[in-house]
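Spelled out, the chains give:
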Amino acid sequence: MLPQITTMENYEKLFELMTLDDDNAYSIIKSSEETRIKKILYKSKHDPNLLPSYSTFNLRGKRYNVSNPTGELIKKVSVQKRIEELQTSCEKKVLKKGEKNQMIASLNEIKKKNPSLLTVSKKKKKYKDPLPDRNDIPLMNITEDIDYIYDNAVQVINSKPVEKKKKKGKVLIDDDPLSKEDYGKISPYLIKIKDELKEKENLKKQDIIDEEKITREIKEKRDYLLAELKNKYNEINKEYLKISHVVDINSVRKLKKKEGYEKQLNQLEKDILKLENQTY
């Protein structure tokens, strides 16, 4: 018979006295010898509070179709979280009474324990002169035997006269310009300038002559081309007039020939007009 169970200790004793048979569930389960290694949690380098870029959710109004194109917006932290953060930060900053700072000793305690703190280490310098004593007599009726008028006269006589600055006038030419070698001759730099001007004028004249020559040649070529085009026009026109009166054309060859003449005549007319309208 098992003893009566009254407290928790009796329960433990009873459990120790119990004999487990082979058909017990604990004996069926085998203890695993493998040691499980905890997997390291993956932590992304990106901020989890960043909102998705180019998102179409939670848009206000109809103006914008996309939000957060730069990808820099962060989720708004709720007010409650902010309050909790402030509370934790304040708890850390606030110091309790006498936690780090020591109590300042009173004046009586300093006088008893360390009176050297109350003494002055360095005294200020006195900037004012000391006051005269009562027994000091002031200096009165003291004169010097100096004749200032005589001294001034001697100083003036011995001093050197001050040289006045003369005004500089026009500097006169010492040499006679008429007796010089280059008198009446043209200076070489003027001759050089004249030559340069002449060269420029000659170049301008040559350019004008060349332009006139070119325009003359172009006009001659144009006249020659016009004459040739007109001759060709007359030749084709003669051939065309032979066929133009024929109304019923049965053969295809004649019809194509007539159309070809018409095209050539139209093109020649255009070319002649273009050459005649050109100006040089």
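This one's a predicted model, so the numbers in the text were calculated from it and none came from an experiment.

Caption draft 1: Region of the structure containing the pattern of salt bridges. A complete count under the given rule lists 2 salt bridges for this structure. Across the pair Lys 230 and Glu 276 runs a salt bridge whose closest N-O atoms are separated by 3.8 Å. Linking Lys 230 in helix 6 (residues 188-244) with Glu 276 in helix 7 (residues 252-277), this pair joins segments that are 46 residues apart in sequence. When its relative accessible area of 41% is taken as the criterion, Glu 276 is described as partly exposed. Put simply, Glu 239 and Lys 242 hold a salt bridge, and the shortest N to O gap is 3.8 Å. Of this pair, Glu 239 and Lys 242 both sit in helix 6, 3 residues apart, which is roughly one turn of the helix.

Caption draft 2: Up close: unusual backbone geometry. The backbone phi angle of Tyr 54 is positive, close to 55°, even though this residue is not glycine. Structurally, Tyr 54 is set in the loop between helix 2 (25-28) and helix 3 (79-93). For Tyr 54, a relative accessible area of 57% translates into the label exposed.

Caption draft 3: Structural context of the nonpolar core. In this structure, Leu 226, Leu 229, Ile 236, Tyr 240, Ile 243, Tyr 261, Leu 265, Leu 268, Ile 272 and Leu 275 together form the largest nonpolar core, which totals 10 residues. Residue assignment for this core shows that the elements contributing at least two residues are helix 6 and helix 7. With residues near it in sequence (within four places) discarded, Leu 268 still touches Leu 229, Lys 232, Tyr 233 and Ile 236.

Scoring rules and cut-offs
- Residues numbered from 1 in each chain as written.
- Predicted model: local features only at pLDDT ≥ 70, side-chain atom pairs only at ≥ 80, totals over all residues.
- Heavy atoms only, no water.
- Salt bridge = Lys/Arg side-chain N within 4 Å of Asp/Glu carboxyl O.
- Helix = DSSP H or I, 4+ residues; strand = E, 2+ residues; numbered from the N terminus.
- Buried < 20%, exposed > 50% of the residue type's maximum accessible area, 1.4 Å probe, protein only.
- Core = buried A, V, L, I, M, F, W, Y, C linked by side-chain atoms within 4.5 Å.
- Contact = heavy atoms within 4.5 Å.

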